[in-house]
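# Residue-level structure breakdown
Residues per chain, in single letters:
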Amino acid sequence: HFYCKYNCKGASRLPVLALYAIYENLVMELKRYEGKKLLSLESHTSADARSGRKGDIDVVNNDGTPYEAIEVKFDIPVSYDIVEVAKEKIQTCHISRYYILSTKPMVAEEQEKIMHEVHRIKNIYNCQLVINGIIPTLKYYLRLLDNPTTFIDDYTKLLASDKAIKYEHKQTWNKIVSDL
């Protein structure tokens, strides 16, 4: 669904919605998220700095403090600069995990520098910075769900209600689901 050739804008929102649909289930099912709350999605154009959010998807403790954040990059490889922006967000709070998930691999020539910074962030801020692909993450999380078909229902609902999603995205999804 993410990689179809669309004639309209908004495809970069699709992985965010897919991950959010997974998190809706994970927060209810996994002990790790007991007593945690998944914040509602911000608009696609809302900047994290302006909204006060740490990522595209945020999980908070009962007192509202950040617990976990997911930053989603569509067609953007994870670079050292992206890790530095994440570190700036991590420095301002005590957050357990911060994910940078992308449809592109890490910038190869920066990989050693990035991994060094990931280790520094863990040691200095006690935050696990996880850099991974969106598709592998979705596959892994789907295996954790008691009933993975709830993901399809939740993703479909998000596609129907999100203002950044256009008719063409919905039409493509309907075709994918009807072919299952």
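Residues numbered from 1 in each chain as written. Predicted model: local features only at pLDDT ≥ 70, side-chain atom pairs only at ≥ 80, totals over all residues. Heavy atoms only, no water.

### Quick notes on helix H4 (residues 111-125)
- The terminal C-alpha atoms of H4 lie 21 Å apart, and with 15 residues this matches the ideal 21 Å at 1.5 Å per residue to within 8%.
- Residues Ile114, Glu117, Val118 and Ile121 constitute the buried set of H4. What you see down the axis of H4 is that its buried residues fit within an arc of 105°, all on one side. Away from its buried face by more than 90 degrees, H4 exposes Glu112 and Asn123.
- Turning to H4, the residues buried within the fold contact helix H3 (80-91) and strand E5 (128-133). (Helix = DSSP H or I, 4+ residues; strand = E, 2+ residues; numbered from the N terminus. Expected span 1.5 Å × (residues − 1). Buried < 20%, exposed > 50% of the residue type's maximum accessible area, 1.4 Å probe, protein only. Arc of directions from axis to C-beta. Contact = heavy atoms within 4.5 Å.)

### Some points on the packing of aromatic side chains
- In this structure the tally under the stated criterion is seven aromatic pairs.
- Look at Tyr23 and Tyr141: their rings are 5.7 Å apart centre to centre, the planes differ by 85°, and that puts the pair in the edge-to-face class. Of this pair, Tyr23 sits in helix H1 (residues 13-29) while Tyr141 is found in helix H5 (residues 134-144), placing the two residues 118 residues apart along the sequence. For the pair Tyr23 and Tyr141, one class covers both residues: buried.
- Between Tyr140 and Tyr141 the ring centres are 5.8 Å apart and the planes differ by 50°, which places this aromatic pair in the tilted class.
- Under the relative-accessibility criterion, Tyr140 is labelled partly exposed at 42%.
- Here a set of aromatic residues connected by ring pairs shows up, and it is made of Tyr23, Tyr33, Tyr67, Tyr140 and Tyr141.
- Positioned above the aromatic ring of Tyr67, the side-chain terminus of Lys36 is 4.5 Å from the ring centre.
- A cation sits over an aromatic face here: Lys113 above Tyr80, 4.2 Å from the ring centre. (Phe/Tyr/Trp six-rings, centres within 6.5 Å; stacked < 30°, edge-to-face > 60°. Lys NZ or Arg CZ within 6 Å of the ring centre and 35° of its normal.)

### Quick look at the packing of H1 against helix H6 (residues 149-161)
- Running from amino to carboxyl end, H1 crosses H6 at an angle of 130°, the nearest separation of the two axes being 9 Å. With respect to H6, the element H1 is oriented oblique. The element H1 and its partner H6 pack so that their crossing is right-handed. Contacts between H1 and H6 pair Leu14, Leu17, Ala18, Tyr20, Ala21, Ile22, Glu24 and Asn25 from the former with Thr150, Phe151, Asp154, Tyr155, Leu158 and Leu159 from the latter.
- Residue classes in the contact of H1 with H6 are distributed as ten nonpolar, two polar and two charged. (Axes fitted to C-alpha atoms, helices over the stretch in contact; angles between N-to-C directions. Parallel < 35°, antiparallel > 145°, perpendicular 65-115°, else oblique. Left-handed = near helix turned anticlockwise from the far one by under 90°. Nonpolar A, V, L, I, M, F, W, Y, C, P; charged D, E, K, R; others polar.)

### What to know about the state of the cysteines
- By the definition in use, this model includes zero disulfides.
- With no disulfide of its own, Cys93 lies closest to Cys127 among cysteine sulfurs, the gap being 7.5 Å. (Disulfide = S-S within 2.5 Å.)

### Some details on the pairing of E5
- Pairing of strand E4 (residues 97-102) with E5 involves six bridges; the strand directions are parallel. Its bridge partner lying in E5, Ile100 is registered against Ile131. (Pairing = 2+ DSSP bridges.)

### Thoughts on the sheet that holds E5
- Spatially, the five strands line up as an open sheet ordered E1-E2-E3-E4-E5, and their pairing is mixed. The sheet terminates laterally at strand E1 (36-38) and E5, the two strands that pair on one side only. Strand after strand, the sheet turns through a mean of 15° between neighbouring axes, direction not considered.
- One ladder, built from six bridges, connects strand E3 (residues 66-73) with E4; its direction is parallel. The residue bridging Lys73 from the neighbouring strand is Ser102, located in E4.

### A look at the packing of H6 against helix H7 (residues 167-178)
- Where H6 meets H7, the closest approach of the two axes is 10 Å, and the angle between their N-to-C directions is 160°. Judged by the inter-axis angle, H6 sits roughly antiparallel to H7. Of the two elements, H6 crosses H7, and the hand of that crossing is left-handed. Where H6 abuts H7, its residues Ile152, Tyr155, Thr156, Leu159 and Ala160 lie against Lys170, Trp173 and Val177.
- Residue composition of the contact of H6 with H7, by class: six nonpolar, one polar and one charged.

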